[in-house]
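Observations on the model geometry
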Amino acid sequence: PPMPDGDANGSSDHRTEVSERVCASLHHSAERAIATAEIFIPNYLDFAYKLAAQSRARGIASRCIGVCHCDQDNYYQLLTRYAPIIHSFIAVSPLCRDRLINLLPSRAGDIHLVPYGVATPSVRRPKNGTGPIRLLYAGRLVRTQKRIFDLVEIVRELDRRGTDYSLDIVGVGPDREPLAAALSHAPRVRFHAGVFHSEISSVYRNHDVFLLPSETEGTSIALLESMAHGLVPVATRVSGSEDAIIDGFNGVLCEVGDIYQMVDGIVALAANQSKCREMSERARLTIERNYRIDDQLSAFEHCVQQTLDKPLVPVEAARSVLRLSSL
């Protein structure tokens, strides 16, 4: 790699030297990224942000885009910690954007709202004229954030009310086995392994309602995909979901942890299939009009072009970030 365009006379302090020694032991692919990448998009990994900082600290003409994918503290902590080397920020929901602006008011002009987009399916979901209302949870099976054990309570309450339903749980994660054990005596519940993205459309087409009991989200892509296929969402009022769902119009919004509110929504949909079909069509149109993948790609491309036109951050700013991150 070329020499840094700042002070190269060996006057860096001990922490910078430690950071450089650590960098010297990196895998060759990481070294190649440091030396050649024009733009870093580190996602949620501290290590990846360090690579971006190392690149600029060495004087490489690189820039960085930080993405807030979720309304969680770890994202905000990373984005504020590495803000001096981040040229542009992308927030996937208005809530994420507003919280970033509150944390970094001087950088408001660099914070872009770029909602996720999904493809509109070419095949319509078959209507379920009779039989049980078909519920689906598809996503990571983790107790925290996704609150998957709320599904256990939802099933118990649906059974207690005598609702005719089926629930398919699709996904993998560290809490899959405990959840399966907790639902082992629920005959209406079926577990499925994770599926390839190319196969998920066939899963959506065979369901009526998408359940999302999460405590936090950025914007759930599974939620958007399911709505694009005409599933009616019954979801918690969190980042992303509160933007895509209009309660009672194209879905049901519930407070986090309110099992009875979610069950009320499911029972109401099961009891009024005409209303369910109306909300299904409204959910589909919401995604078709407001969450198109082409719009997301266009907005992302615009952000990249703006980032490439911005001045490089000073080398010393990158070195300072590395010093602070090693504390």
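Residues numbered from 1 in each chain as written. Predicted model: local features only at pLDDT ≥ 70, side-chain atom pairs only at ≥ 80, totals over all residues. Heavy atoms only, no water.

On to the confidence of the model for the protein, then. Summarising the model, the protein shows a mean pLDDT of 91, and 90% of its residues fall at 70 or more. In the model, residues 1-22 has pLDDT below 50 throughout and makes 30 contacts with residues more than four positions away in sequence or in other chains. (pLDDT = per-residue confidence, 0-100. Contact = heavy atoms within 4.5 Å.)

Attention shifts here to the state of the cysteines. On inspection of all chains with the given rule, the structure shows 0 disulfides. Cysteine cysteine 64 remains unbridged, with the sulfur of cysteine 303 as its closest cysteine sulfur at 11 Å. Among the cysteines around cysteine 276, which has no disulfide bond, cysteine 254 carries the closest sulfur, lying 14 Å off. Cysteine 276 sits in the buried class, given a relative accessible area of 10%. (Disulfide = S-S within 2.5 Å. Buried < 20%, exposed > 50% of the residue type's maximum accessible area, 1.4 Å probe, protein only.)

It is worth spelling out the layout of surface pockets at this point. Any space left empty among the atoms is revealed by the rolling of a water-sized probe across them. Space inside the largest pocket adds up to approximately 660 Å³. What lines the largest pocket is a set of 28 residues, among which Gly139, Arg140, Lys146, Ile221 and Ala222 lie closest to the centre. Of all elements in the fold, only helix H4 (73-81), helix H8 (200-204) and helix H9 (221-228) reach the threshold of two or more residues within the lining of the largest pocket. Here the lining of the largest pocket gets 3 residues from one element, more than from any other, and that element is H9. Taken together, the residues of the lining of the largest pocket break down into 13 nonpolar, 11 polar and 4 charged. (1 Å grid on protein atoms, 1.4 Å probe; cavity = no way out; pocket = protein on both sides within 12 Å on 5 of 7 lines; lining within 4 Å. Points joined across faces, edges and corners; volume = space filled by probe spheres on them. Helix = DSSP H or I, 4+ residues; strand = E, 2+ residues; numbered from the N terminus. Nonpolar A, V, L, I, M, F, W, Y, C, P; charged D, E, K, R; others polar.)

Here we come to the environment of asparagine 272. The topology assignment puts asparagine 272 in the loop between helix H11 (259-271) and helix H12 (273-290). Of the residues examined, asparagine 272 reaches a relative accessible area of 37% and is grouped as partly exposed. A distance of 3.0 Å separates a polar side-chain atom of asparagine 272 from the backbone nitrogen of lysine 275. (Polar contact = N/O pair within 3.5 Å; in protein donor to acceptor, adjacent residues only side chain to side chain.)

Strands belonging to one sheet form pairs held by backbone hydrogen bonds; the direction of such a pair is parallel or antiparallel. Pairing is parallel across the open sheet formed by 6 strands, whose spatial order is S7-S6-S5-S8-S9-S10. The sheet is open, and its two borders are formed by strand S7 (189-192) and strand S10 (252-254), each paired with just one other strand. Strand-to-strand twist in this sheet, taken as the mean axis angle between neighbours without regard to direction, amounts to 20°. Across 4 bridges, strand S8 (residues 209-212) lies against strand S9 (residues 232-236) in parallel orientation. Across the sheet, the residue bridging to leucine 212 is alanine 235, located in S9. (Pairing = 2+ DSSP bridges. Axes fitted to C-alpha atoms, helices over the stretch in contact; angles between N-to-C directions.)

Counting across every chain of the model gives 1 cavity of 30 Å³ or more. Counted as a void, the largest cavity has a volume near 40 Å³. Every residue lining the largest cavity is listed: Phe40, Ala52, Arg56, Ser62, Arg63, Cys64, Ile85, His87 and Val313. For the lining of the largest cavity, the elements supplying multiple residues, two or more each, are helix H3 (46-57) and strand S2 (63-68). Looking at the lining of the largest cavity residue by residue, the class counts come to 5 nonpolar, 2 polar and 2 charged.

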